[in-house]
Amino acid sequence: MYTYDKKYDVIVIGAGHAGCEAALAAARMGCTTLILTMNIDNIAMMSCNPAIGGLAKGHLVCEIDALGGEMARCIDRTGIQFRILNKVKGPAVQASRAQADKLLYRIDMKSVLERQDRLYIKQAIVDSILTDNGRVKGVATDTGIIYISNSVIVTTGTFLNGLIHIGLSNFPAGRAGEFPSTKLSDSLKDIGFRLGRLKTGTTPRLDGRTIDFSVMDIHEGDDPPIPFSYSTERITQGQIPCYLTYTNEKTHRVIRENLNRSPLYSGAIKGVGPRYCPSIEDKVVRFYDKERHQIFLEPEGRNTHEFYANGLSTSLPIDIQIKFLRTIRGLEEVEIMKPGYAIEYDFVPPTQIFPTLETKPVKRLFLAGQINGTSGYEEAAAQGLMAGINAALMIRGKEPLILDRSNAYIGVLIDDLVTKGTEEPYRMFTSRAEYRLLLRQDNTDMRLREKGFKIGLVSKDEYERFLDKRNRIKMEIERLTNISIRPSRITNDKLLEIGTEEIKTPTSLANLLRRPNIKYKDIEAIDGNGNAIDERIGKQVEIEIKYHGYIKRQLAQVEKFKKWEQEKMPQSIDYDHIPGLSLEVREKLNTVRPISFGQASRISGMTPSALSIIMIYIEKIRRTKRARDEKA
């Protein structure tokens with residue numbers, strides 16, 4: 001073995017979406033960082049769908065951006081279609097989604113990594129994690145090189161003992177065309193981790209030259225496109241459409257007749273698959289009463305004919321994939337460029353990590369991404385960012401950054417993982433957040449920009465622009481609250497034209513804006529002296545005024561929540577010695593090791609009586625300690 005002559009502050013294993021954010025965060029916060037990847041040319045590869053964002057996932061991307069991460073800026077530079085989802089619904093569930101030019105996205109992200117100061121990139125396969133007295137000290141590669149570091153972040157995606165299934169054939173791979181990591185799983189077991197097995201899948205990639213788009217519904221992007229990042233002024237590149245078609249009874253019959261050749265139904269796959277992104281086989285079996293399923297055909301880039309068949313994840317044999325695809329309208333002559341497949345891989349059940357993403361068995365070792373049981377680029381990137389931040393803060397001797405459930409979807413994501421664990425690939429939904437109206441996509445900078453600035457990931461210029469925006473929002477809300485308009489024929493004609501009732505007494509502009517069918521742009525038309533402000537600022541002003549009562553109630557709930565979160569639980573407590581707790585509760589408390597009463601209350605199976613017993617026990621310890629201190 002050869003020990004490399006340079007010592008690093010942080011080593012990141014893997015250069016997927018989690019690894020890129022982790023490495024950039026650590027390097028930008030002043031740490032000498034090494035990222036090790038099996039293939040440098042596949043940095044930030046989109047293994048599955050060529051898109052960023054979506055419902056709840058778009059919230060995560062904007063939170064990453066508000067904290068100073070890179071994903072939002074990268075998709076703004078390389079996106080080929082931008083859309084706001086759920087436009088007709090409330091602001092809490094509206095989210096951005098963008099199709100990516102898959103090749104340009106990874107080239108762009110690779111370029112960002114290569115230009116980053118203090119960040120070094122090397123191609124290598126990591127075989128083992130090295131520890132000393134319960135603390136990480138570096139990694140060893142398959143070529144016999146040891147790299148020494150103060151901390152290590154593992155972001156291995158689906159590569160840990162990855163096994164691809166196509167029909168009843170299977171072969172080891174991290175993803176199609178790439179080697180798996182076979183020895184790192186054993187290393188994790190050797191240093192004290194319990195591993196599990198999960199499964200995910202992807203769809204066939206189709207040759208666009210063999211698709212009849214004329215018989216499909218066309219889906220264009222928004223005009224103008226709205227950027228993800230607060231640093232992006234506008235999207236300047238042109239957009240490309242997507243297309244919608246459907247499966248039918250013929251499709252379903254072909255699939256049902258060949259389930260005996262599916263690894264999902266033959267027992268070949270042991271890992272648990274994603275509940276909320278089922279394969280087409282699962283859909284046909286579980287939703288047998290549905291006559292059709294949506295299929296979105298998404299371009300993989302500007303300069304390719306390759307299309308992603310969103311909604312057709314499958315692991316059926318290739319001949320059956322061709323057969324059922326050709327029953328779908330517009331795909332009668334289609335050719336497959338890459339077959340769909342399922343992949344099984346090892347993961348670390350996430351109750352073995354702290355909310356900082358540092359592991360419990362090994363100090364200064366962090367896990368992020370699919371290794372923690374999540375699915376999706378956005379969930380991975382969010383974890384990678386937080387792992388990189390907390391590794392850097394630990395090295396600098398600073399307090400960790402832990403986002404709670406009341407101020408970020410990232411907080412919801414990590415708290416769910418470390419408190420409840422997961423037995424299937426975890427996907428973020430807006431329904432997982434208790435405070436959805438506070439955790440909107442439009443206000444992520446209001447919630448998190450200051451935190452990003454304080455830890456050093458948001459520049460002074462960006463922060464000053466944010467302060468200016470925050471001040472303008474505040475001033476505009478005050479202006480609309482303080483200015484009243486009197487009833488007049490001109491004013492009432494404008495109100496009737498908008499589709500709302502006339503006013504009979506002086507009414508503030510804020511009260512007008514609270515009417516359900518009045519938008520901020522309508523107020524600008526009514527108020528001749530209105531401020532011309534940015535559309536995104538106007539949207540926040542409108543939401544803050546229109547939903548003021550609901551927001552106020554949620555803020556009151558957050559105050560109660562924070563009392564529980566601020567009540568810390570001693571990490572030295574021995575739950576086996578607390579009388580009155582059931583064996584189940586003791587086991588779960590010893591596994592999770594909650595850092596607060598709030599986190600303890602969210603453990604599955606925790607009861608109010610058990611929490612009361614713990615509180616009494618801890619208070620008794622505190623009284624004993626106070627008495628001892630007073631006596632001394």
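Residues numbered from 1 in each chain as written. Predicted model: local features only at pLDDT ≥ 70, side-chain atom pairs only at ≥ 80, totals over all residues. Heavy atoms only, no water.

## A short note on the packing of aromatic side chains
The description of an aromatic ring pair uses the distance of the two centres, along with the angle that the planes make with each other.
Item 1. Inspection of every chain in the model, using the stated rule, returns eight aromatic pairs.
Item 2. Considering the side-chain rings of Tyr435 and Phe561, the 5.8 Å spacing of their centres and the 65° angle between planes classify their relative orientation as edge-to-face. Residue Tyr435 is found in the loop between helix H11 (409-420) and helix H12 (444-455), and its partner Phe561 is found in helix H18 (residues 548-566); the two are separated by 126 residues along the sequence. Like Phe561, Tyr435 is buried. (Phe/Tyr/Trp six-rings, centres within 6.5 Å; stacked < 30°, edge-to-face > 60°. Helix = DSSP H or I, 4+ residues; strand = E, 2+ residues; numbered from the N terminus. Buried < 20%, exposed > 50% of the residue type's maximum accessible area, 1.4 Å probe, protein only.)

## Focus: the pairing of strand S7 (residues 126-132)
Item 1. Pairing between S7 and strand S8 (residues 135-141): six bridges, direction antiparallel. Among the inter-strand pairings, Asp132 is bridged to a residue of S8, identified as Arg135.
Item 2. Between S7 and S8, which follow one another and run antiparallel, lie two residues, and Asn133 among them has a positive phi close to 55°. (Pairing = 2+ DSSP bridges.)

## Here's the deal with the domain arrangement of the protein
Where interface size is given, it is often the accessible area lost as the parts come together that is meant.
Item 1. As far as domains go, the protein holds domain 1 (2-200 + 345-454), domain 2 (205-343), domain 3 (460-554) and domain 4 (567-631).
Item 2. The distance between the C-alpha centroids of domain 1 and domain 4 comes to 32 Å.
Item 3. Residue-level contacts link ten residues of domain 1 with eight residues of domain 4.
Item 4. Overall, the association of domain 1 and domain 4 removes approximately 750 Å² of surface from exposure, summing both partners, and the carbon and sulfur fraction of that is 60%.
Item 5. Between the two partners, domain 1 and domain 4, sit one salt bridge.
Item 6. The residue Asp415 makes a salt bridge to Arg602 at a minimum N-O spacing of 2.6 Å.
Item 7. The interface formed by domain 1 and domain 4 contains four residue pairs in polar contact (both at pLDDT 80 or more).
Item 8. Its residues assigned to classes, the side of domain 1 that touches domain 4 comprises four nonpolar, two polar and four charged. (Domains from an automatic or database assignment. Contact = heavy atoms within 4.5 Å. Buried area = accessible area lost by both parts, 1.4 Å probe. Salt bridge = Lys/Arg side-chain N within 4 Å of Asp/Glu carboxyl O. Polar contact = N/O pair within 3.5 Å; in protein donor to acceptor, adjacent residues only side chain to side chain. Nonpolar A, V, L, I, M, F, W, Y, C, P; charged D, E, K, R; others polar.)

## Topic: H12
Item 1. For H12, built from twelve residues, the straight-helix expectation of 16 Å at 1.5 Å per residue is met to within 8% by its first-to-last C-alpha distance of 17 Å.
Item 2. The set of residues buried in H12 consists of Thr444, Asp445, Arg447, Leu448, Arg449, Gly452 and Ile455.
Item 3. Buried residues along H12 sit against helix H2 (57-67), helix H10 (377-395), helix H13 (460-482) and helix H17 (535-546).
Item 4. Of the residues trailing H12, Gly456 is marked for its positive phi of about 100°. (Expected span 1.5 Å × (residues − 1).)

## Description of unusual backbone geometry
Item 1. Residue Asp223 is joined to Pro224 through a cis peptide bond whose omega torsion reads 5°.
Item 2. Along the chain, Pro224 turns up in the loop between strand S14 (217-219) and strand S15 (242-246).
Item 3. Positive phi values are uncommon outside glycine, yet Asn133 reaches one of about 55°.
Item 4. Residue classification places Asn133 among the exposed positions, given a relative accessible area of 76%.
Item 5. Located in the positive-phi region is Leu357, a residue other than glycine, with phi close to 80°.
Item 6. Inspection of the secondary structure puts Leu357 in the loop between strand S19 (341-347) and strand S20 (365-367).

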